[in-house]
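# Tertiary structure, described
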Amino acid sequence: MNKSKLTPRMSMIARLIKIGKTQRQIAYELGISEHTVKTHIGRMYLRLGAVNAADLVRIMFENEIE
């Protein structure tokens, strides 16, 4: 899997997801809206081929996506 499929912002969100942050916590920490976080996550699903949140996290760990 090509790590460059994710934008720098998506990579930052991925790192926060991997340590267990909620969408609300991510939004607060990055100073963006929850809607924007959800949009980034949705695009991550498409770019990485994930079908649900658990699949997204699995793909991130398997491919060492930070």
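To start, this report covers the structure provided alongside it. (Residues numbered from 1 in each chain as written. Predicted model: local features only at pLDDT ≥ 70, side-chain atom pairs only at ≥ 80, totals over all residues. Heavy atoms only, no water.)

## A word on the environment of Glu 62
- The topology assignment puts Glu 62 in helix α4 (residues 53-62).
- Within polar-contact distance, the side chain of Glu 62 engages the side chain of Arg 58 at 2.7 Å. (Helix = DSSP H or I, 4+ residues; strand = E, 2+ residues; numbered from the N terminus. Polar contact = N/O pair within 3.5 Å; in protein donor to acceptor, adjacent residues only side chain to side chain.)

## Some remarks on the nonpolar core
- Counting 18 residues, the largest nonpolar core has Ile 13, Ile 17, Ile 26, Met 44, Leu 48, Leu 56 and Met 60 as its most contacted members.
- Counting residues per element, the ones that place at least two in this core are α1 (8-18), α2 (23-30), α3 (34-48) and α4.
- Element by element, the count of residues in this core is highest for α1, at 5 residues.
- Beyond its immediate stretch of four places on either side in the chain, Ile 17 contacts Ile 26, Ile 41, Met 44, Val 57 and Met 60. (Core = buried A, V, L, I, M, F, W, Y, C linked by side-chain atoms within 4.5 Å. Buried < 20%, exposed > 50% of the residue type's maximum accessible area, 1.4 Å probe, protein only. Contact = heavy atoms within 4.5 Å.)

## A short note on α1
- Among the residues of α1, Met 10, Ser 11, Ile 13, Ala 14, Leu 16 and Ile 17 are the ones counted as buried.
- In this structure, the buried side of α1 is in contact with α2, α3 and α4.
- Once α1 finishes, Gly 20 follows within two positions and takes phi at roughly 95°, a positive value.

## Side note on the packing of aromatic side chains
- Summed over all chains, the structure comprises 0 aromatic pairs.
- When the ring centre of Phe 61 is taken as reference, the NZ or CZ atom of Lys 18 above it lies at 4.7 Å. (Phe/Tyr/Trp six-rings, centres within 6.5 Å; stacked < 30°, edge-to-face > 60°. Lys NZ or Arg CZ within 6 Å of the ring centre and 35° of its normal.)

## Observations regarding the pattern of salt bridges
- Applying the stated criterion across every chain yields a total of 4 salt bridges.
- Of the charged contacts, one joins Glu 34 and Arg 24 as a salt bridge, the two residues approaching to 3.1 Å between their closest N and O atoms. In this pair, Glu 34 is assigned in helix α3 and Arg 24 in helix α2, connecting sequence segments 10 residues apart.
- A relative accessible area of 29% places Glu 34 in the partly exposed class. (Salt bridge = Lys/Arg side-chain N within 4 Å of Asp/Glu carboxyl O.)

## Things to note about the packing of α1 against α2
- For the pair α1 and α2, interaxial distance at closest approach is 10 Å and the crossing angle is 130°. Classed by the angle they form, the pair α1 and α2 counts as oblique. For the pair α1 and α2, the sense of crossing is right-handed. Where α1 abuts α2, its residues Arg 9, Met 12, Ile 13, Leu 16 and Ile 17 lie against Ile 26, Glu 29 and Leu 30.
- Residues that form the contact of α1 with α2 fall into these classes: 6 nonpolar, no polar and 2 charged. (Axes fitted to C-alpha atoms, helices over the stretch in contact; angles between N-to-C directions. Parallel < 35°, antiparallel > 145°, perpendicular 65-115°, else oblique. Left-handed = near helix turned anticlockwise from the far one by under 90°. Nonpolar A, V, L, I, M, F, W, Y, C, P; charged D, E, K, R; others polar.)

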